[in-house]
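A look at the structure
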Amino acid sequence: MTAIGTGYDLSNSVFSPDGRNFQVEYAMKAVENGGTSIGIKCKDGIVLAVEKIINSKLLVPGTNRRIQTIDRHVGVAYSGLLPDGRRLVNIGRDEAQNYKDNYKVPISVPFLVDTIGNYVQNYTCYNSVRPFGIVGIIGGVDDNGPHLYMIEPSGTFWGYTGAATGKGRQTAKSELEKLNYEELTVHEAIKIAAKIIHQAHEDNKDKDYELEITWISKEHTNGRHELVPESLMKEAIKYAQEEDEEDEDEEMES
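Residues numbered from 1 in each chain as written. Predicted model: local features only at pLDDT ≥ 70, side-chain atom pairs only at ≥ 80, totals over all residues. Heavy atoms only, no water.

The name an unreviewed UniProt entry gives the chain is Proteasome subunit alpha type, with Scheffersomyces spartinae as the organism. Within the UniProt record for the chain, the comment given under Subunit (unreviewed entry) is "The 26S proteasome consists of a 20S proteasome core and two 19S regulatory subunits." (UniProt positions renumbered as here; feature names shortened; annotations may be inferred.)

So, on to the nonpolar core. The biggest cluster of nonpolar side chains holds 27 residues, and the ones touching the most others in it are Ile-38, Ile-40, Val-47, Leu-184, Ile-190 and Ile-213. Put simply, the parts of the chain that give this core at least two residues each are strand E1 (37–42), strand E2 (45–53), helix H4 (169–176), helix H5 (186–200), strand E9 (209–216) and helix H6 (230–253). Membership of the second largest hydrophobic core comes to 20 residues, among which are Leu-88, Val-113, Val-120 and Phe-132. (Core = buried A, V, L, I, M, F, W, Y, C linked by side-chain atoms within 4.5 Å. Buried < 20%, exposed > 50% of the residue type's maximum accessible area, 1.4 Å probe, protein only. Helix = DSSP H or I, 4+ residues; strand = E, 2+ residues; numbered from the N terminus.)

Let's shift gears to unusual backbone geometry. Its identity is not glycine, yet Lys-104 carries a phi of approximately 65°, on the positive side. Following the sequence through the fold, Lys-104 ends up in the loop between helix H2 (82–103) and helix H3 (109–122). Here the phi dihedral of Asn-222 falls at roughly 60°; this positive angle occurs in a residue that is not glycine. Secondary-structure assignment places Asn-222 in the loop between E9 and strand E10 (225–227).

In this section: the environment of Gly-7. With respect to the secondary-structure elements, Gly-7 resides in the segment before helix H1 (22–32). Of the residues examined, Gly-7 reaches a relative accessible area of 27% and is grouped as partly exposed. Placed 31 residues apart in sequence, Gly-7 and Ile-38 show a C-alpha to C-alpha distance of 35 Å.

In this section: the side chain of His-201. Assignment of secondary structure puts His-201 in the loop between H5 and E9. Reaching out from His-201, the side chain makes a polar contact with the side chain of Glu-51 at a distance of 2.6 Å. (Polar contact = N/O pair within 3.5 Å; in protein donor to acceptor, adjacent residues only side chain to side chain.)

As enumerated under the stated definition, the model contains six aromatic pairs in all. For the pair Phe-22 and Tyr-26, a centre-to-centre distance of 6.4 Å together with 40° between the ring planes defines the contact as tilted. With Phe-22 and Tyr-26 both in helix H1 and four residues apart, this pair spans about one turn of that helix. Both rings, one in Tyr-119 and one in Tyr-123, keep their centres 5.4 Å apart while their planes meet at 25°; by these two values the pair is stacked. We classify Tyr-123 as partly exposed; its relative accessible area is 23%. Grouped by ring-pair contacts, the aromatic residues Tyr-99, Tyr-103 and Phe-111 constitute a single cluster. (Phe/Tyr/Trp six-rings, centres within 6.5 Å; stacked < 30°, edge-to-face > 60°.)

Our focus in this paragraph is the pairing of strand E3 (residues 67–71). For E3, the buried fraction is high: four of the five residues fall into the buried class. The pairing of E3 with strand E4 (residues 74–80) spans four bridges and is antiparallel. When the sheet's bridge partners are listed, Asp-71 is paired in E4 with Val-74. What sits between E3 and E4 in their antiparallel hairpin is a turn of two residues. (Pairing = 2+ DSSP bridges.)

Shown next, in the form of structure tokens:
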């Protein structure tokens, strides 16, 4: 048996000689084939956005959402296998409810992410299970302000100001790195998120997509995770299309 995967990728609980867990790497491949998801941490809240690929014209718009609510003040956007995402959401909801039952206050976002990360990591340790085939971007607002984290199939999680995953993650990351997060507001971030998803969709341009955007802000949503109002959504989509047209004109002129 060699270290390139043969024999060592059959069990979730076995390392290869060079210290790799191939099942976790395969889970990341499932994520990379999914639609793009991004999260933006602003000075007054969090914005989450996803590119939901439309695989059939028969699908009802607005169903099978890829951004879901874990607790009133916490949301998650994910790329990868949708059933695994729903399972992750249910785990988070159970933990948030148990915390509230025990301590009579809403769970803090860092503690929730730590608990979910430990759960995901457990699925990399046993031969009877497989790793989660998703990367989840978790955002929320608590008494300590806005928080944004990204959890990988290995159970690793990091705090971010801007996070991206999925097929168009490289395009999205390059755009996120240009932002000034200390001055950015949620209203501005909604437009930017629409623009980034529109640009990232170039990797899947042979298929239609549906844009989903949610936000969390104590000032604008009373600290609740909610869908962006339709008026703001239309404004953001118009902005993304206009920016795309301007970029195309500049390319033609050059």
